[in-house]
Amino acid sequence: MTIEKKSRYSPILILLLLCLSLFILTVPRAADASDIGNARVIDEADLLTDAEEQELDASIAAFEKAHGVRILVGNIKDTHGQVLGKVANAVVDRIMDGGANGFLLAPKDRDFYISTDNKMRQRITDEYGIEYLADSFVPDLKDNEYGKAYTAFAVTVDEMLTYYEKEGEPYDPANAFNLMAFGIALACALILGGTIY
């Protein structure tokens with residue numbers, strides 16, 4: 001009886017292994033964490049010059065060291081039919097180490113995705129932070145200035161993490177705007193009061 005059960009399940013096991021192998025082969029190379037290693041910049045689609053790549057890597061390395069996080073920017077030639085968000089999330093999930101943030105671009109599809117792990121999500125929220133972050137680099141992206149877009153992303157991540165470390169809460173553009181509006185209103189009131197006086 002035992003031998004018959006094994007022989008019945010072995011074709012199913014082989015089929016499952018075959019399906020798993022096919023899935024692994026269809027995952028884009030950029031989603032493989034073993035290829036990533038300690039890389040901070042992945043330029044599979046050759047959008048950056050060597051100088052841009054080196055400069056970007058150096059600035060991201062400084063931001064990573066300052067905040068104890070991983071920051072990854074990159075692009076892939078082809079998503080192979082996969083949703084870009086799933087590819088980006090898979091990469092961030094594999095590299096996360098106390099907070100990871102990734103910006104993945106698929107130039108062929110004119111698409112990008114920002115991915116954060118759970119620890120980073122406490123510092124850069126999905127509700128306000130991601131939109132603010134995207135606003136920092138989308139203008140450069142529209143102009144096909146990929147090096148500038150990646151730099152703007154990294155610099156804004158640094159600013160938002162610095163804010164979190166000082167204030168103890170995630171950056172919310174609405175709060176910053178209210179503070180600025182209050183300052184402007186106060187200055188106007190002082191000028192107007194001085195003029196009337």
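Keep in mind that this is a model prediction, so the values were computed, not measured.

Reading the values: rules and limits
- Residues numbered from 1 in each chain as written.
- Predicted model: local features only at pLDDT ≥ 70, side-chain atom pairs only at ≥ 80, totals over all residues.
- Heavy atoms only, no water.
- Pairing = 2+ DSSP bridges.
- Helix = DSSP H or I, 4+ residues; strand = E, 2+ residues; numbered from the N terminus.
- Axes fitted to C-alpha atoms, helices over the stretch in contact; angles between N-to-C directions.
- Parallel < 35°, antiparallel > 145°, perpendicular 65-115°, else oblique.
- Left-handed = near helix turned anticlockwise from the far one by under 90°.
- Contact = heavy atoms within 4.5 Å.
- Nonpolar A, V, L, I, M, F, W, Y, C, P; charged D, E, K, R; others polar.
- Buried < 20%, exposed > 50% of the residue type's maximum accessible area, 1.4 Å probe, protein only.
- Polar contact = N/O pair within 3.5 Å; in protein donor to acceptor, adjacent residues only side chain to side chain.
- Core = buried A, V, L, I, M, F, W, Y, C linked by side-chain atoms within 4.5 Å.

## What about the pairing of strand β4 (residues 111-116)?
Then, number 1: Both strand β3 (residues 100-106) and β4 contribute to a ladder of six bridges, which runs antiparallel. Paired with A106 across the bridge in β4 is D111.
Then, number 2: Connecting the antiparallel pair β3 and β4 is a turn made up of four residues, with R110 showing a positive phi of about 50°.

## Quick notes on the packing of helix α6 (residues 129-142) against helix α7 (residues 146-167)
Then, number 1: α7 packs onto α6 with a crossing angle of 155° between their chain directions and a minimal axis gap of 8 Å. Relative to α7, the element α6 lies roughly antiparallel. Helix-helix and strand crossings are classified by hand; for α6 and α7 the assignment is right-handed. Judged by residue contacts, G129, Y132, L133, S136, F137, D140 and L141 of α6 engage Y146, K148, A149, A152, F153, T156, V157, E159 and M160 from α7.
Then, number 2: Each residue belonging to the contact of α6 with α7 can be placed in one class, and the counts come to ten nonpolar, three polar and three charged.

## Let's talk about the sheet that holds β3
Strand pairing within a sheet occurs via backbone hydrogen bonds; the two strands may be parallel or antiparallel.
Then, number 1: Strand order in the open sheet formed by four strands is β1-β2-β3-β4, with mixed pairing between adjacent strands. What marks the edges here is a single partner per strand, and that holds for β1 (41-43) and β4. Mean inter-strand twist for the sheet, computed between neighbouring axes without regard to direction, equals 10°.
Then, number 2: The sheet strands contacting helix α3 (residues 50-67) are β1 and β2 (70-75), and the helix crosses β2 at an angle near 155°.
Then, number 3: Along the sheet face, α6 touches β3 and β4 and points at about 150° away from the line of β4.

## Things to note about the packing of α3 against α7
Then, number 1: Interaxial distance between α3 and α7 falls to 10 Å at its minimum, and their mutual angle equals 10°. Here α7 runs roughly parallel to α3, going by the angle between their axes. Residues E52, L56, I60, F63 and H67 of α3 lie in contact with α7, whose contacting residues are G147, Y150, T151, A154, V155, D158, L161, T162 and E165.
Then, number 2: Residue composition of the contact of α3 with α7, grouped by class: seven nonpolar, four polar and three charged.

## Looking at the side chain of N75
Then, number 1: For N75, the position within the fold is in strand β2.
Then, number 2: Judged by its relative accessible area of 0%, N75 falls in the buried class.
Then, number 3: Here E44 takes part through its backbone nitrogen, which lies 3.1 Å from a polar atom of the side chain of N75.
Then, number 4: What N75 contacts, discounting residues up to four positions off in sequence, is I42, D43, E44, A45, D46, L47, L104, L105, P107 and Y150.

## Quick word on the nonpolar core
Then, number 1: In terms of nonpolar packing, the biggest core is built from 28 residues, with V73, I124, F137, Y150 and F153 touching the most fellow members.
Then, number 2: For this core, the secondary-structure elements that each account for two or more residues are α3, β2, β3, α6 and α7.
Then, number 3: Among the elements that make up this core, the one with the highest residue count is α7 (nine residues).

Limitation: the analysis is restricted to geometry and does not speak to function.
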